[in-house]
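Chain and residue survey
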Amino acid sequence: MFIHFGLYSLAARHEWVQSREYITSEAYEAKYFRRFNPRLADVRDWVRRAKSAGMKYVVLTTKHHEGFCLWDTKTTDYKITKTPFGRDLVREFSDACRAEDLKVGFYFSVIDWHHPHFTIDQTHPLRPRGGFTAESYAKLNEGRDMEKYRKYMFEQATELMTNYGKIDIVWFD
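Rules behind the numbers
- Residues numbered from 1 in each chain as written.
- Predicted model: local features only at pLDDT ≥ 70, side-chain atom pairs only at ≥ 80, totals over all residues.
- Heavy atoms only, no water.
- Helix = DSSP H or I, 4+ residues; strand = E, 2+ residues; numbered from the N terminus.
- Rg over C-alpha atoms; globule rule 2.2 N^0.38 Å.
- Buried < 20%, exposed > 50% of the residue type's maximum accessible area, 1.4 Å probe, protein only.
- Contact = heavy atoms within 4.5 Å.
- Areas by Shrake-Rupley, 256 points an atom, 1.4 Å probe, with all protein chains shown as cover.
- Lys, Arg positive; Asp, Glu negative; His and termini not counted.
- Charge placed at Lys NZ, Arg CZ, Asp CG, Glu CD.

As a further point, take the overall build of the protein. From N to C terminus, the protein includes 7 helices and 4 strands. Secondary structure elements in the protein, listed N-terminal to C-terminal, are β-α-α-α-α-β-α-β-α-α-β. Relative to its length of 173 residues, the protein is compact, with a C-alpha radius of gyration of 17 Å against a globular reference of 16 Å. Considered along the principal axes of its C-alpha atoms, the protein spans approximately 55 × 30 × 30 Å. The buried share of the protein, taken over its 173 residues, is 44%. Taking the contacts inside the protein whose residues are at least 6 apart along the sequence as the reference set, 71% of them involve residues at least 24 apart. When the accessible surface of the protein is totalled, it reaches about 9100 Å², and 53% of it is carbon and sulfur. Side chains of the protein give 27 positive and 24 negative charges; the mean places of these two sets differ by 3 Å.

Right under this line is the structure:
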């Protein structure tokens, strides 16, 4: 079972809302990050229900394309512990799965629209509307360095693979 959950849950439209509606990181953060407080989220209940339904594993979206992290990462402040919710949902999830003897799975996006060095492409919220050319993308990407982003992404993946015990499934998207 996959649990897709993040800031986009507040939008209640789609996890691609930031891209589809061309929302800048600043506007997205102002609208959703500062208000993110799923105080009724009961991860233990989610996992118990998954087991009751016959699931053998559960995969949680640790970070989707918006770049928001559901764990207490050291790499960015764009994380759940800096929202009004304030708790490490990945920790709660992995502990709950183990308590129910379910395999722990992490979904991790290799795309990150929030990171200043992630390259703007045809799905990025900052992409040009309408027609575009290689030259327009080159101009938009001036100063962006994917090598810096890859280092950041590797640090995040390392945190997830080393700070939460045995991880049975990793889903890179």
